[in-house]
Protein chains: 2
Amino acid sequence: MEDQVYTESTRNGGSNSASTANSVLLSALLSAVRRSGATSRSDLVKKTGLGRALVAQYVELLAQKDIVVEMGIGESRGGRRPRILRFASELGLIGAVDLGATSVDVAITDLSSRVLVHRSESADVGEGPQAVLDKVVTILKDILAENGFSPSSLWGIGMGVPGPVEFSTGTPISPPIMPGWSGFPIREHFQRHFCCPVYVDNDVNIQAVGEAATGVSMGVANSIFVKIGTGIGAGIILHGQLYRGSQGCAGDIGHIQVDYLEAGHAVCRCGNVNCLEALAGGAAIGRAAEMAAQSGQSAKLAERLAKKGFLSAEDVGEMADKGDAWSTEQIRQSGRLLGYTLAGLVNFLNPSLIVIGGGVANLGDSFLAAIREMVYRRSLPLATRSLRIERSSLGLQGGVIGAAHVVLDELFSAESLMDVLNSHQGDAPVFASA
Amino acid sequence: MEDQVYTESTRNGGSNSASTANSVLLSALLSAVRRSGATSRSDLVKKTGLGRALVAQYVELLAQKDIVVEMGIGESRGGRRPRILRFASELGLIGAVDLGATSVDVAITDLSSRVLVHRSESADVGEGPQAVLDKVVTILKDILAENGFSPSSLWGIGMGVPGPVEFSTGTPISPPIMPGWSGFPIREHFQRHFCCPVYVDNDVNIQAVGEAATGVSMGVANSIFVKIGTGIGAGIILHGQLYRGSQGCAGDIGHIQVDYLEAGHAVCRCGNVNCLEALAGGAAIGRAAEMAAQSGQSAKLAERLAKKGFLSAEDVGEMADKGDAWSTEQIRQSGRLLGYTLAGLVNFLNPSLIVIGGGVANLGDSFLAAIREMVYRRSLPLATRSLRIERSSLGLQGGVIGAAHVVLDELFSAESLMDVLNSHQGDAPVFASA
């Protein structure tokens, strides 16, 4: 009978192959509860397409594991008043780490990726994995202790790093700005200190996941998240899922060549010329600003350079706000170059949303306007018929929220769900639910 | 009990929401049988991850519907000798149509996309949907009758057309080279003559599906099929599935701009300048050849032009084979332009295979070499670590095989499977199995 699918296979040992099919259904049900906030069994029947008896049975199982709790009686819609269910997000914690080139964000979230504690510190990725990861572990232990959380409350740790990562093993693969990190077993490093699963991914992928889970691309099937910081990268969400590519390096748009004729001469750190990143990234904007200051093209930038000793994209943004013509044109030019590249990718992938994030995304409205100008001018009209181009909505917390979501998606996947629930059976809530 | 999942839900009416979960599993099992050729119940347990009892029950159900048949006893691998099962591909027929700008291919396949009859005729897409579709219907009826097949043996019809298509409704959307076809209800046209489901998609998508199902990209998770004919387009296979994009126009790489500085002056039919298609497509190669002939750059092409009145990409290929230097360089240049564009898409999507198809793909080895040269030069090394770039293996039949597969994938999907099996219950085999 359909209403005994799950228990039958668990009674047979729980790990036989038949549990696969049931795990898929159970995971789908839990996913519906997680997304819903508060819901009822009848709602879940509608949302999942599963039968009433199967839903009741799965809810019972999840309630036994304390991951779904009843929170009272709801309003009647004609029949008996429904019992309201919710996901027990207070049952465990997630450690979320977003490593940048010069800083690291470490957060603790609940099982809904709600940020409970967030600490941002400077960190030089160039110091190598041992020093940087030791620092991350110390911060994580500190903020757990300061808030009265036990390390054993961690159900998982997620980390984003600024380079390509083989997701299945959690190891960076030849990351250009992370000397010494290639092949380093990040997962094992954490597991010497914490007894929980660890997932590592590229930082842009992680921000794309965060944006899709709780930000501006929530509920959008196909979107591209573009991060413009020192470099330029993208995270690709297709059918609501992160697409990582065959080697895990999908989204590396910073090294797409912008000029076939190679009329320009910007040599990129990858060795090629006229890569998008070498012409329009944050580092390129800073370099161009220094040249403009030195050659007398911008008095405002010259003044700032004399005071500070170097210039960054932020300086250009600030001077543009103060009416500096060179800075405004530089920002528009960077936006047009980015838009030019995105126009081709829009033709190719036909997404319905492009999200612009990263530090340089805050250069002002003319940057976004220039991106939009080029995309709408150069893409095929059909591909942009309902395309939106928006700024990231999560800002600084996007990375850690995404890191938490990468962990949660793995923990509650069909493959892991039963093991995770079994290993946390009897856990008390870590904190009082809101 | 898990071994009664399916029958319980059918006994309750068959169309309740619980059947969704079972349909997914049943469809997965049938898919494993379809891909296997010959298999046993034990093999299916391994391949699907379903329990033994569930596999036995689903096989029994599919055998009742005659879509899976037993073909004898296999070799023992230690235990009882297994009964061998196969997919009954002779139970029905698929009508497969591949419409080009100037020709149409119509085929009849069995339920495994094996081509039983194939007819190719000239057809001018510019004559509009009514005239062209009437012609297709006539050909289809003729080849059915000539081979003693009843139109009622058709389980479905699939058609590829040279332009963007909204797959869910089967209607072309503003196709640039198909005047009069925008919004035309192709599906309804067929259904006035044939009583079966009809699916319509873009011709390049359909070839990509064919190549993934039975050609060079079979078993490859992430691949891009590039068709270079008069124009240039691509079909994207991700995680083994065709990716269509938000408006159904993903893969339109022909209108990616190749030169940011717009130093060239090739105006494209889309209205933009220096689109890939306007510089490297078959029509562009033909135009360039005519100019080379008239300006005295190639004596061989001038001779051919005088004889023929116009030149095509095929002429350029032929002259290159005969040692014409201009033609060889033109082919290399087209290959480099295509490779330049693909290099960016490889960085972005990180596929493991690019398949080059369409008429211009046969221009000779220097074309493929030039594509490879640019991709390996311009893409990031990590993204090309295990990337292959190969010629299409299906050739002229790729379109109709793909059209048949698009139909088969839909018919045997979780959503349609039970309806399809119920509506064909009691069908006799259309022809003797091989």
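You'll find the structure just up there.
In this report, we go over the structure that sits alongside the text. (Residues numbered from 1 in each chain as written. Chains lettered and ligands numbered in written order. Predicted model: local features only at pLDDT ≥ 70, side-chain atom pairs only at ≥ 80, totals over all residues. Heavy atoms only, no water.)

Looking at the sheet that holds strand β3 (residues 83–87) of chain A
Two orientations exist for strands paired in a sheet by backbone hydrogen bonds: parallel and antiparallel.
Residue and element names in this part refer to chain A.
Item 1. Spatially, β1-β3-β2 is the arrangement adopted by the three strands of the open sheet, whose pairing is antiparallel. Looking at strand neighbours, the two that pair on one side only are β1 (38–40) and β2 (68–73), the edges of this open sheet. Averaged over all pairs of adjacent strands, the angle between their axes in this sheet comes to 40°, without regard to strand direction.
Item 2. Relative to β3, β2 runs antiparallel, the two sharing four bridges. Among the inter-strand pairings, Val 68 is bridged to a residue of β3, identified as Phe 87.
Item 3. Here helix α3 (residues 41–48) sits on the sheet in contact with β1, β2 and β3, set at roughly 90° to β1. (Pairing = 2+ DSSP bridges. Helix = DSSP H or I, 4+ residues; strand = E, 2+ residues; numbered from the N terminus. Axes fitted to C-alpha atoms, helices over the stretch in contact; angles between N-to-C directions. Contact = heavy atoms within 4.5 Å.)

A short note on the pairing of strand β15 (residues 388–391) of chain A
Residue and element names in this part refer to chain A.
Item 1. Summarising the sheet, strand β14 (residues 353–357) and β15 pair through four bridges and their orientation is parallel. Following the sheet pairing, Val 355 is matched in β15 by Glu 390.
Item 2. Assessed by its sense of winding, the connection that carries the chain from β14 through helix α13 (residues 365–378) to β15 is right-handed. (Right-handed = clockwise from strand over helix to strand, strands pointing away.)

A look at the interface of chain B and chain A
Item 1. Counting residues at the interface gives 67 residues for chain B, matched by 67 residues for chain A.
Item 2. Roughly 5,700 Å² is buried in total at the junction of chain B and chain A, and carbon and sulfur atoms are behind 57% of that figure.
Item 3. One can count zero salt bridges joining chain B with chain A.
Item 4. The interface formed by chain B and chain A holds 30 residue pairs in polar contact (both at pLDDT 80 or more) in total.
Item 5. Of all the secondary structure elements, the ones that give two or more residues to the side of chain B that touches chain A are α1 (5–11), α2 (18–36), β12 (232–238), α12 (325–349) and α13 (365–378) of chain B.
Item 6. Residue contributions to the side of chain B that touches chain A peak at nine residues, all from α12 of chain B. (Buried area = accessible area lost by both parts, 1.4 Å probe. Salt bridge = Lys/Arg side-chain N within 4 Å of Asp/Glu carboxyl O. Polar contact = N/O pair within 3.5 Å; in protein donor to acceptor, adjacent residues only side chain to side chain.)

Side note on the sheet that holds strand β6 (residues 115–122) of chain B
Residues and elements named next belong to chain B.
Item 1. In spatial order, the strands read β6-β5-β4-β7-β10; together these five strands make up an open sheet with mixed pairing. Looking along the sheet, the strands with just one partner apiece sit at the ends: β6 and β10 (198–202). Along the sheet, successive strands turn relative to each other by an average axial angle of 15°, direction set aside.
Item 2. Summarising the sheet, strand β4 (residues 93–99) and strand β5 (residues 103–110) pair through seven bridges and their orientation is antiparallel. Note on β5: the bridge partner recorded for Asp 98 is Asp 105.
Item 3. Along the sheet, helix α5 (residues 129–146) contacts β4, β5, β6 and β7 (154–161); its crossing angle with β5, the most-contacted strand, is approximately 35°.
Item 4. On the sheet, helix α7 (residues 203–214) packs against β4, β7 and β10 and is oriented at approximately 105° with respect to β10.

Considerations on the nonpolar core
Item 1. The biggest cluster of nonpolar side chains holds 105 residues, and the ones touching the most others in it are Ile 356 of chain A together with Ile 356 of chain B.
Item 2. In contact with Ile 356 of chain B, not counting residues within four places along its chain, are Val 226, Ile 228, Leu 342, Ala 361, Phe 367, Leu 368, Ile 371, Ile 389, Glu 390, Arg 391 and Ser 392 of chain B. (Core = buried A, V, L, I, M, F, W, Y, C linked by side-chain atoms within 4.5 Å. Buried < 20%, exposed > 50% of the residue type's maximum accessible area, 1.4 Å probe, protein only.)

A few points about helix α4 (residues 52–64) of chain A
Item 1. An ideal rise of 1.5 Å per residue puts 18 Å on 13 residues; α4 of chain A measures up with 18 Å between its terminal C-alpha atoms.
Item 2. Downstream of α4 of chain A by one or two residues, Asp 66 of chain A has phi in the positive range, about 70°. (Expected span 1.5 Å × (residues − 1).)

Some points on the side chain of Thr 384 of chain B
Item 1. Considering the arrangement of structural elements, one finds Thr 384 of chain B in the loop between α13 and β15 (388–391).
Item 2. Setting aside chain neighbours within four positions, we find Thr 384 of chain B in contact with Val 346, Val 375, Tyr 376 and Ser 379 of chain B.

A few points about a positive patch on the surface
All names here are of chain A.
Item 1. The grouping of Arg 35, Lys 46, Lys 47 and Arg 52 at the surface amounts to a positive patch.
Item 2. Tracing the backbone shows Arg 35 in helix α2 (residues 18–36).
Item 3. With relative accessibility at 67%, the residue Arg 35 sits in the exposed group. (Patch = residues over 30% accessible without salt bridge, like charges linked within 9 Å, V, L, I, M, F, W, Y side chains within 5 Å. Areas by Shrake-Rupley, 256 points an atom, 1.4 Å probe, with all protein chains shown as cover. Lys, Arg positive; Asp, Glu negative; His and termini not counted. Charge placed at Lys NZ, Arg CZ, Asp CG, Glu CD.)

Some details on the relation of the copies chain B and chain A
Copy one and copy two of the chain differ by a rotation about an axis and a translation along that axis.
Item 1. When chain B is fitted to chain A, the residual RMSD is 0.1 Å, and the transformation amounts to a turn of 180° plus an axial shift of 0.1 Å. What the rotation and shift describe, once combined, is the action of a two-fold rotation axis.
Item 2. Residue by residue, 100% of the interface of chain B is reproduced at the interface of chain A, so both copies engage with the same surface. (Least-squares fit on C-alpha atoms with pLDDT ≥ 70 in both.)

Looking at the pattern of salt bridges
Pairs can form between side chains of opposite charge whenever their charged atoms are close.
Item 1. Per the counting criterion, the structure on display carries 38 salt bridges over all chains.
Item 2. The partner of Arg 119 of chain A in a salt bridge is Glu 146 of chain A, and the shortest N-O contact between them spans 2.6 Å. One end of the pair, Arg 119 of chain A, is in strand β6 (residues 115–122); the other, Glu 146 of chain A, is in helix α5 (residues 129–146), with 27 residues separating them in the sequence.
Item 3. Residue classification places Arg 119 of chain A among the partly exposed positions, given a relative accessible area of 24%.
Item 4. In this structure, Glu 70 of chain B engages Arg 83 of chain B in a salt bridge whose closest nitrogen and oxygen atoms are separated by 3.5 Å. With a gap of 13 residues between them, Glu 70 of chain B in strand β2 (residues 68–73) and Arg 83 of chain B in strand β3 (residues 83–87) connect regions that are remote in the sequence.
Item 5. A relative accessible area of 41% places Glu 70 of chain B in the partly exposed class.
Item 6. Judged by its relative accessible area of 42%, Arg 83 of chain B falls in the partly exposed class.
Item 7. Linked through salt bridges whose partners overlap, the residues forming this network are Arg 304, Lys 308, Asp 315, Glu 318 and Lys 322 of chain A.

Distances and angles like these do not, on their own, reveal function.
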